Amino acid sequence: MPRRRCQAHRRRNVVQRCFNRLKQNKALATRYDKRARHYKALVTLACLRLWLPN
């Protein structure tokens, strides 16, 4: 596999794993909130939860 393709695959893999971890939050995966700003706030909280140590 050429070097460029390998690097692109690594970056894509990181993004896919991040989305999979975010979707472990049931409300985020099913999008219970009807308002966009509530959903955005939920995404922000889920990202912070992943980023901050336990």
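In this text the structure is predicted, and so the values were computed from the model without any measurement.

1. As for the overall build of the protein
Part 1 of the reasoning: Secondary structure assignment for the protein yields three helices and zero strands.
Part 2 of the reasoning: Secondary structure elements of the protein, listed N to C terminal, follow the sequence α-α-α.
Part 3 of the reasoning: In terms of overall dimensions, the protein is more spread out than a globule: its C-alpha atoms have a radius of gyration of 14 Å, far above the 10 Å expected for 54 residues.
Part 4 of the reasoning: By its C-alpha atoms, the protein is 45 × 25 × 15 Å across when sized along the principal axes.
Part 5 of the reasoning: Burial analysis of the protein (54 residues in total) assigns 7% to the buried set.
Part 6 of the reasoning: If you sum the accessible surface of the protein, you get close to 5400 Å²; carbon and sulfur atoms cover 54% of it.

2. Structural notes on the confidence of the model for the protein
Part 1 of the reasoning: Per-residue pLDDT for the protein averages 85, and the proportion of residues at 70 or more is 96%.
Part 2 of the reasoning: When mean pLDDT is compared element by element in the protein, helix α3 (residues 36-51) scores highest at 89, while helix α2 (residues 26-30) scores lowest at 79.

Parameters at a glance
- Residues numbered from 1 in each chain as written.
- Predicted model: local features only at pLDDT ≥ 70, side-chain atom pairs only at ≥ 80, totals over all residues.
- Heavy atoms only, no water.
- Helix = DSSP H or I, 4+ residues; strand = E, 2+ residues; numbered from the N terminus.
- Rg over C-alpha atoms; globule rule 2.2 N^0.38 Å.
- Buried < 20%, exposed > 50% of the residue type's maximum accessible area, 1.4 Å probe, protein only.
- Areas by Shrake-Rupley, 256 points an atom, 1.4 Å probe, with all protein chains shown as cover.
- pLDDT = per-residue confidence, 0-100.

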